[in-house]
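Residues per chain are reported as follows:
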Amino acid sequence: MTKQVKGLSELRVDIDAVDAQLIELLKKRNALTTQVGKVKSQTGMPIYDPQREAELIANKRQLAIEHELSPDLVEDILRRMIRESYHTQHAKYMCVNPAINKVVVIGGKGALGSVFVSLFEKSSYQVATLEKEDWANAKQIFDGADLVIVAVPINITCDVILSIKHLPENCILADITSIKVSPLKAMLDVHSGPVVGLHPMFGPDSPGMIKQVVVVCDGREPRKYSWLVEQMKTWGAVIHNTSSREHDQAMAFIQVMRHFSTFVYGQHLKEENPDLVDLLMFSSPIYRLELAMVGRLFAQPPSLYADIIFNDLDNLDLLKRFNQRFSDGINLVASNDKDAFIKQFKAVEQWFGDYAKQCLKDSRQLLLKAADGQLLRK
């Protein structure tokens, strides 16, 4: 028995030594990726290169197999290292258009506006912010601006846009709110120069644009703001072009329905008042992850979600249809009609097609990470 304990202690010493070597190697890797970031900032190469990342992971998976290691383990470690390396690379970016005199961000001291201010500053642009208390000096602040971005709450976006005056003729006017039809129309009405609607599909807690989708809705003279799109690509953004109408229709499903469903679920929990500690204790990683996504909503400003949900009356019709289908589902349970439930389940499965299998694979990776992290801690 004593021998076995001694052997275990020695093995743990060896493991600690290997772990220390891993840390040294990670330090060396971070130093190399920092140098890569400097090269990219000088050449304008995007921080995120999906082809390079895919090739890297595929090659290392094969190498893992050759060394009789789990390729999934190696991929998991690699992805975590790559994610970290992206953040070591974004201290500075190339300025795509050095001819730009000044960028003005209306609401630049706000949560999402400040992200844009930071990114432009890291690309060596001169940036000014315009807040509510500065509006009396708006003409002076707009003077010489080549780009003005409206980054204010949804409920006042159009009012702010319509109050804009004194923009230089060739200045680009853009907004970054999560709806596009009405802000884009307002910008086209108020400004005769280049106009573009942008929707960064990430929150203010994101450190930047790396691997984040930014929706671009063309307004007027896209050639004149093509540099802005290229600049976002150097920040690591994935650009998706669409019309403002198509964008808002998609957001009804992506944002409105999800946020509203989460709100109702949270409200239901609050009214039923179960013990939250008990819920967490009895939950497997997937249920903790789902509960975490509900809690995440209620850790953020309620006005943000109210503006998204209440913005368009068409959303109400969509939510009513959802409510009817929820009621239909309850009726299946009330009538104990399992056959009808299974039939409808299979119909939805068919609608998802192969994507359902991909979701199963992707969610499995998320659950492994959830099991390793804070979600399982009391």
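In the block above lies the structure referred to throughout.
In this report, the structure presented in the accompanying data block is examined. As the structure is a computational prediction, the values presented were derived from the model and not from experiment.

### As for helix H12 (residues 302-310)
Moving on, step 1. Those residues of H12 lying buried are Tyr305, Asp307, Ile308 and Ile309.
Moving on, step 2. Contacts from the buried residues of H12 go to helix H6 (154-162), helix H9 (244-272), helix H11 (285-297) and helix H13 (313-334).

### Overview of the packing of H9 against H13
Moving on, step 1. Running from amino to carboxyl end, H9 crosses H13 at an angle of 60°, the nearest separation of the two axes being 11 Å. Viewed along their axes, H9 and H13 adopt a mutual orientation that is oblique. Here the hand of the crossing between H9 and H13 comes out right-handed. Mapping the contact onto sequence places Ala252, Phe253, Val256, Met257, Phe260 and Ser261 in H9 and Asn315, Leu318, Leu319 and Phe322 in H13.

### Digging into the environment of arginine 12
Moving on, step 1. Considering the arrangement of structural elements, one finds arginine 12 in helix H1 (residues 2-43).
Moving on, step 2. Between the C-alpha atoms of arginine 12 and serine 192, which are 180 residues apart in sequence, the distance is 70 Å.

### Comments concerning unusual backbone geometry
Moving on, step 1. Located in the positive-phi region is lysine 211, a residue other than glycine, with phi close to 65°.
Moving on, step 2. When you line up the elements, lysine 211 lands in the loop between strand S5 (195-200) and strand S6 (213-220).

### Focus: the pairing of S6
Where a strand is regular, its side chains alternate between the two sheet faces.
Moving on, step 1. In this sheet, S6 lies alongside S5 in antiparallel orientation, the contact comprising six bridges. Bridged to valine 195 within S6 is arginine 220.
Moving on, step 2. The pairing of S6 with strand S7 (residues 238-241) spans four bridges and is parallel. Within S7, the residue paired with valine 213 across the bridge is valine 238.

Calculation criteria
Residues numbered from 1 in each chain as written. Predicted model: local features only at pLDDT ≥ 70, side-chain atom pairs only at ≥ 80, totals over all residues. Heavy atoms only, no water. Buried < 20%, exposed > 50% of the residue type's maximum accessible area, 1.4 Å probe, protein only. Helix = DSSP H or I, 4+ residues; strand = E, 2+ residues; numbered from the N terminus. Contact = heavy atoms within 4.5 Å. Axes fitted to C-alpha atoms, helices over the stretch in contact; angles between N-to-C directions. Parallel < 35°, antiparallel > 145°, perpendicular 65-115°, else oblique. Left-handed = near helix turned anticlockwise from the far one by under 90°. Pairing = 2+ DSSP bridges.

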